[in-house]
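Summary of the model geometry
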Amino acid sequence: MKQKIMATALTITLGLSGLSAAIPQTASAENLDDQLNNVKEKQSSNEKELQKKESELADVKAEQEDVQAEIEKLNKEVAETDEKISAKEQEIKDTNTEIDQLKEEIKALEERIAERDKLLKDRVRSMQQNGGGTVDYMEVLLGATDFSDLVERVLALNTIADQDKKILEEHKADKEAVEEKKAQVEDKLASLEENKAELEELKAELDSKKAQKDKLMKSLEEEEGELHNHMMDLNETAEILSAQETAVKQEIKRAEEAARKAEEERKAAAAKAAKEKAEAEAAAAAKAKKEAASSSSSSSSSNSAPAPAPEPAPAPAPAPSSNASFIKPAAGPITSGLGQRWGTFHAGIDIAQGGSNPVSAAADGTVLRSYHSDSYGNVVFITHSINGQMYTTVYAHLQNRAVSTGQTVSQGTYLGTMGNSGHSTGQHLHFEIHKGSWNSSKSNAVDPMNYIR
């Protein structure tokens, strides 16, 4: 009787265990259905807001186009100024080269003049020693021994005279050339100073145009509502909400599949436990029967202690649930956290690291959208169902995207490489976690630091 009571208790325990395992799955499905309805409500609200804001959005876009046109004009002017600066720097470089060349030529001329001066001084000194500084041409001619000697002496005197004349002319030309090149150097130096002044003016003009561009960019960012909070227009929001509905349905299906698989595993475990229990009961009954027969034939059966009842088989372990936490999606330090930043709400964290840094899915889920956004750049949105609670994660500013919309991913799946696309001021990953559905106001955003491990 005691064994039967224990077996009945074990059966009730197994039944309650199965019931408790099934309850969370039902609750999970209902919770996901509620969240799907919430997504649909957000879609309806967004459509009404889209209709209401159409004219206002058109005005803002027109203003943005004007600002963008002005920015493009400034970009063109900046590029032209950069070219002028490059040309002016090259001109200054060429002028310096010309000045150096002129100085080398002046140095060579002055060396030649110095050598010629020495030669002329030697000739004058020789002439003074041989006749008081003059050549007696008649004495040279009358000293000829014959006519042939006379002709040779005349030719020699003419040659000496021509050489002296040539030396003097070259000497004069070199001195004039030196003066001319020195004047050229002065002109080049003046031109160089002028070019340097123009270069400084061009650089100041460039800085001014860059400042104007930065000012316009800032006004454009303020007009859009946010640079760092990744605000999107209503059309983009509508597309995300539409994709989110599909992703939630897919996550519901995935949760149901997981529940079905868990139920099958639970039934298999219960059947195995029931079989083991039945085998244990049969073995216990056989043993009890054998012991009863043995005790009835024994004279000392009244003094014998009853055999201990067999211990019940342990209840099957509950099926494991999906990951209840998120992993850090990329390596690197956290450079900015969730909260107010530059007067706006920063709805996530920034992880920054140089080089080729891979980004991975923080948890199992469905890619609700993978696309290029004007603000987020290359971005991946993933919907997750964890213990009946829906989450949405966002991975922004990627260099590339390795997954597509609608794809099922596992925790750690490679999504892309950390980059600097969209409204970004340097290579980093902007990572968001939303408890529930994503919406443009980021009202469901939670601090990822409380979830990642």
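Fair warning: this is a prediction, and the values are worked out from it, not measured in the lab.

Turning to the overall build of the chain, a few remarks are in order. Looking only at helices and strands, the chain features five helices and twelve strands. Here the chain holds 453 residues, and 32% of them are scored as buried. Taking as baseline every contact in the chain between residues at least 6 positions apart, the subset at least 24 positions apart corresponds to 71%. Accessible area for the chain stands at about 26,900 Å²; split by element, carbon and sulfur atoms hold 52% of it.

Mapped onto the fold, His346 is located in strand S3 (residues 344-346). Within polar-contact distance, the side chain of His346 engages the backbone oxygen of Gly337 at 2.9 Å. Of note is the side chain of His346, whose polar atom sits 3.0 Å from the backbone oxygen of Gly348.

By the secondary structure assignment, Ser437 is in the loop between strand S11 (429-435) and strand S12 (445-446). For Ser437, a relative accessible area of 2% gives the class buried. Among all residues touching Ser437, those that are not within four sequence positions of it are Asn38, Val39, Gln244, Met390, Thr392 and Asn444.

In this structure, Phe326, Ile382, Tyr395, Leu429 and Phe431 are the most contacted members of the largest nonpolar core, which totals 24 residues. Of all the secondary-structure elements, those providing two or more residues to this core are strand S4 (349-351), strand S7 (377-386), strand S8 (389-398) and S11. Those residues in contact with Phe326, other than ones at most four positions away along the chain, are Ala362, Ala363, His384, Ile386, Tyr391, Thr393, Gln411, Ile433, Tyr451, Ile452 and Arg453. Within the second largest apolar cluster, 14 residues are counted, among which are Ile113, Val178, Val185 and Leu192.

Before going further, it helps to examine the packing of aromatic side chains. Here the structure, examined in full by the defined rule, presents seven aromatic pairs. Considering the side-chain rings of Phe381 and Trp438, the 5.7 Å spacing of their centres and the 90° angle between planes classify their relative orientation as edge-to-face. Taken as a pair, Phe381 in strand S7 and Trp438 in the loop between S11 and S12 lie far apart in primary sequence, 57 residues in all. An identical accessibility class is assigned to Phe381 and Trp438; each is buried.

Quick look at the pairing of S8 now. Two faces belong to every sheet, and in a regular strand the side chains alternate between them. Of all ten residues making up S8, ten are buried, and the element is well covered by its neighbours. Strand direction decides the pairing type here: S7 and S8, joined by eight bridges, are antiparallel. The residue of S8 that forms the bridge with Ile382 is Thr393. Adjacent in sequence and paired antiparallel, S7 and S8 are bridged by two residues, among which Asn387 carries a positive phi angle near 55°. Note that S8 and S11 share six bridges and pair antiparallel. The residue of S11 that forms the bridge with Tyr395 is Phe431.

The element strand S6 (residues 365-373) is extensively covered by neighbouring structure, given that eight of its nine residues are classed as buried. In the sheet, S6 pairs with strand S9 (residues 408-409) via two bridges, with the strands oriented antiparallel. Note that in S9 the partner of Thr366 across the bridge is Thr408. The pairing of S6 with S7 spans seven bridges and is classified as antiparallel. Opposite Val367, over in S7, you have Ile382 as the bridge partner. Connecting S6 to the next strand, S7, in antiparallel fashion are three residues.

It is worth spelling out unusual backbone geometry at this point. Negative phi characterises most residues that are not glycine, and trans characterises most peptide bonds. Its identity is not glycine, yet Asn387 carries a phi of approximately 55°, on the positive side. Mapped onto the elements, Asn387 comes out in the loop between S7 and S8. For Asn387, a relative accessible area of 47% corresponds to the partly exposed category. Positive phi, normally seen in glycine, also occurs at His397, with a value near 70°.

This model, assessed by the stated rule, comprises five salt bridges. Taking the shortest distance from any N to any O, the salt bridge between Glu257 and Arg260 comes out at 2.8 Å. Taken together, the residues Glu257 and Arg260, both in helix H5 (residues 234-296) and three residues apart, mark about one turn of the helix. With relative accessibility at 41%, the residue Arg260 sits in the partly exposed group. Note that Lys277 is salt-bridged to Glu281, the shortest N-O span being 3.1 Å. Within this pair, Lys277 and its partner Glu281 are both found in helix H5, separated by four residues, close to a single helical turn. Judged by its relative accessible area of 34%, Glu281 is partly exposed. Through salt bridges with shared partners, a single network forms among Glu257, Arg260 and Glu264.

As a further point, take the environment of Tyr371. Summarising the element assignment, Tyr371 is placed in strand S6. Assessed through its relative accessible area of 9%, Tyr371 is described here as buried.

What follows concerns the confidence of the model for the chain. A residue-level look at the chain finds 67% of positions with pLDDT of 70 or above and a mean pLDDT of 75. Confidence, expressed as mean pLDDT per element, reaches its minimum in the chain at helix H1 (residues 2-52) with 52 and its maximum at strand S5 (residues 358-360) with 97. Across residues 299-305, confidence stays below pLDDT 50; counting only partners more than four residues off in sequence or on other chains, it has one contact. A low-confidence stretch, residues 307-324 (pLDDT under 50), is modelled with 24 contacts involving residues beyond four sequence positions or located in other chains.

The rules behind the values
Residues numbered from 1 in each chain as written. Predicted model: local features only at pLDDT ≥ 70, side-chain atom pairs only at ≥ 80, totals over all residues. Heavy atoms only, no water. Helix = DSSP H or I, 4+ residues; strand = E, 2+ residues; numbered from the N terminus. Buried < 20%, exposed > 50% of the residue type's maximum accessible area, 1.4 Å probe, protein only. Contact = heavy atoms within 4.5 Å. Areas by Shrake-Rupley, 256 points an atom, 1.4 Å probe, with all protein chains shown as cover. Polar contact = N/O pair within 3.5 Å; in protein donor to acceptor, adjacent residues only side chain to side chain. Core = buried A, V, L, I, M, F, W, Y, C linked by side-chain atoms within 4.5 Å. Phe/Tyr/Trp six-rings, centres within 6.5 Å; stacked < 30°, edge-to-face > 60°. Pairing = 2+ DSSP bridges. Salt bridge = Lys/Arg side-chain N within 4 Å of Asp/Glu carboxyl O. pLDDT = per-residue confidence, 0-100.

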